[in-house]
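What the coordinates show
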Amino acid sequence: MTVPIPEQLTPLQSILPSEPLLLMGSGPVPIPQAVARANGEVINHLGPTMDKIIHNVKRMARYCFQTRAEKVFGVAGPSSAAMEMAVSNLLWPGRKALIFKVGTFSGRFADMAAGVGGEVDVFEPPGTAKPITIEMAREALARDRYDVVTMVQGETSCGIKNVHLPEIVKMAKAQGALVVVDAVCTLTTMPMYMDDWQIDALVTGGQKGLSSIPGVSLIAFSDEAWNTLKQRPGDHPHWCFDARRAWRFWGFQQYHYTAPVPGILAIHEALRLICEETLEKRFDRHQLSSTALQAGIEAMGLELYVPKEYRLNSVVAIKIPEGIDGLALRQYMADTFHVEIAGAFGLPILRIGQMGEQCRSQNLFKVLYALGMSFKHEGLNLKISEGMAAMEENLVRDADHFVD
Ligand SMILES: Cc1ncc(COP(=O)(O)O)c(C=O)c1O
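Residues numbered from 1 in each chain as written. Predicted model: local features only at pLDDT ≥ 70, side-chain atom pairs only at ≥ 80, totals over all residues. Heavy atoms only, no water.

As a further point, take the overall build of the chain. Counting secondary structure elements, the chain contains 14 helices and 13 strands. Relative to the compact-globule value of 22 Å for 404 residues, the chain shows a C-alpha radius of gyration of 22 Å, a close match. At a minimum sequence separation of 6, the contacts of the chain that also span at least 24 residues come to 73%. By element, 53% of the accessible surface of the chain is carried by carbon and sulfur atoms, the whole surface being about 17,500 Å². In the chain, 38 positive and 44 negative side-chain charges are present, and the distance between their average locations comes to 5 Å. (Helix = DSSP H or I, 4+ residues; strand = E, 2+ residues; numbered from the N terminus. Rg over C-alpha atoms; globule rule 2.2 N^0.38 Å. Contact = heavy atoms within 4.5 Å. Areas by Shrake-Rupley, 256 points an atom, 1.4 Å probe, with all protein chains shown as cover. Lys, Arg positive; Asp, Glu negative; His and termini not counted. Charge placed at Lys NZ, Arg CZ, Asp CG, Glu CD.)

Below, the structure is given as structure tokens:
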């Protein structure tokens, strides 16, 4: 052997923290037991049991996407892979894309579009953390004739919501574009109606609102999008992301590549739990949970980063007060309270996730208390009791909606 066995190998259990961290950041989020158990199984990816599972995953995903589209797929990869599958199948040299960028994730579509030879225009609102308004969209759409327009429903990186998404999709459609929407952090946390809003490709990840594992994502294409991608001249440059090839597995249970079986089983369970809860109740639970958390944060004396009119509920951004080291605070919080929250991509904010299993009352109390105490440790005395009381008041006022 020319390469020796690595030294000092330790079993995983001695690498992981002795008490698991409560994941209250921007994802991944905690997963239910049923999802964790499913993720521990491996079965034949082409057998009859898998056929049934794929059939169910597509039916349940259609409910979550609110679409009757036939072409629904799981994607072996992160949410970015589903984004790439959407964009790369609808673009090729000679086709133009308009990217509505409001932060890191929605901006990522531009690189993906350019990567398959699309001509790319990026529109970004002036300033930071601003949504696309209808006027901005009208102006941007008037600059050229676009084949594809991309947009995010909720921009996790800075905590804003594109509140005019339905109207903007409609405007883009009226001009003949196909519209790709990233609902990675928002799906099942707030209303999304793929068919009613005329969205052509909708993507989400496993590790956020669905409360499944990272690494298996979902995508749906409208019939119009599918008819367009079928007309692609030549082969798709990325073999794995070719939707026509992927449909062999997702449509006909034939081999494309070995499917990520445990992740698909996990997403099956995550979707089943969502169907059991119903979207209506889930939206209510997310709204109530996030509103209560926001009230608690403000009552404690902290400021939220985004104005209420376009604040994202799924990921709440908090301004870091002058003189506080956000990284040190988060580290203290993790070490002392076993609660993890997120920083941001260069912005002076902390982010607390409100997606799926994060929206449970025990998690809210734990994260808010840990936040207040960690600020105290960093030298800022907040009104912790007032914050906790404000959150509790909000939760009990509407407790019927809070299924724990
Ligand atoms: C809105 C949004 N889009 C895309 C992504 C990319 O997801 P992934 O890291 O799973 O590729 C994220 C991840 O946080 C996100 O929040």
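In this section: the domain arrangement of the chain. Taken domain by domain, the chain comprises domain 1 (12–27 + 278–401) and domain 2 (40–277). A straight line from the C-alpha centre of domain 1 to that of domain 2 covers 28 Å. A buried area of about 2,300 Å², summed over both sides, lies between domain 1 and domain 2, and 61% of it is on carbon and sulfur atoms. Across the salt bridge formed by Glu277 and Arg282, the nearest N and O atoms sit 2.9 Å from each other. One can count 14 residue pairs in polar contact (both at pLDDT 80 or more) joining domain 1 with domain 2. At the level of elements, helix 11 (279–300), strand 11 (315–319) and strand 13 (349–353) are the ones that each hand at least two residues to the side of domain 1 that touches domain 2. (Domains from an automatic or database assignment. Buried area = accessible area lost by both parts, 1.4 Å probe. Salt bridge = Lys/Arg side-chain N within 4 Å of Asp/Glu carboxyl O. Polar contact = N/O pair within 3.5 Å; in protein donor to acceptor, adjacent residues only side chain to side chain.)

On to the site of the ligand, then. The environment of the ligand is formed by 13 residues, the closest being Ser79, Ser80, Thr156, Asp182 and Lys208. Residue Asp182 places a side-chain N or O atom 2.6 Å away from a nitrogen atom belonging to the ligand. Summarising the interface, the protein chains cover 87% of the accessible area of the ligand, which totals 390 Å² for the free molecule. Listed by contribution, the elements that provide at least two residues to the shell around the ligand are helix 4 (79–90) and helix 5 (104–115). In terms of residue count, the dominant contributor to the shell around the ligand is helix 4 (three residues). In terms of residue class, the shell around the ligand is made up of five nonpolar, five polar and three charged. (Near = heavy atom within 4 Å. Nonpolar A, V, L, I, M, F, W, Y, C, P; charged D, E, K, R; others polar.)

With the exception of glycine, most residues fall at negative phi, and the peptide bonds are largely trans. Note that the residue after Gly27, namely Pro28, is joined by a cis bond; omega there is 5 degrees. Here Pro28 lies in the loop between strand 1 (22–23) and helix 2 (33–38). In the Ramachandran plot, Gln66 falls in the positive-phi region, its phi being about 55 degrees despite a non-glycine side chain. With respect to the helices and strands, the residue Gln66 is situated in the loop between helix 3 (48–65) and strand 2 (71–76). The phi dihedral of Thr278 is positive, around 80 degrees, even though this residue is not glycine. Within the element layout of this structure, Thr278 appears in the loop between helix 10 (261–277) and helix 11. Accessibility expressed as a relative area gives 25% for Thr278, which makes it partly exposed. (Buried < 20%, exposed > 50% of the residue type's maximum accessible area, 1.4 Å probe, protein only.)

Moving on to the UniProt feature "binding site: substrate" (unreviewed entry) in the chain. Using the residue numbers shown here, the UniProt feature "binding site: substrate" (unreviewed entry) corresponds to Arg351. With respect to the secondary-structure elements, Arg351 resides in strand 13. Side-chain polar atoms of Arg351 contact the side chain of Ser26, separated by 3.4 Å. (UniProt positions renumbered as here; feature names shortened; annotations may be inferred.)

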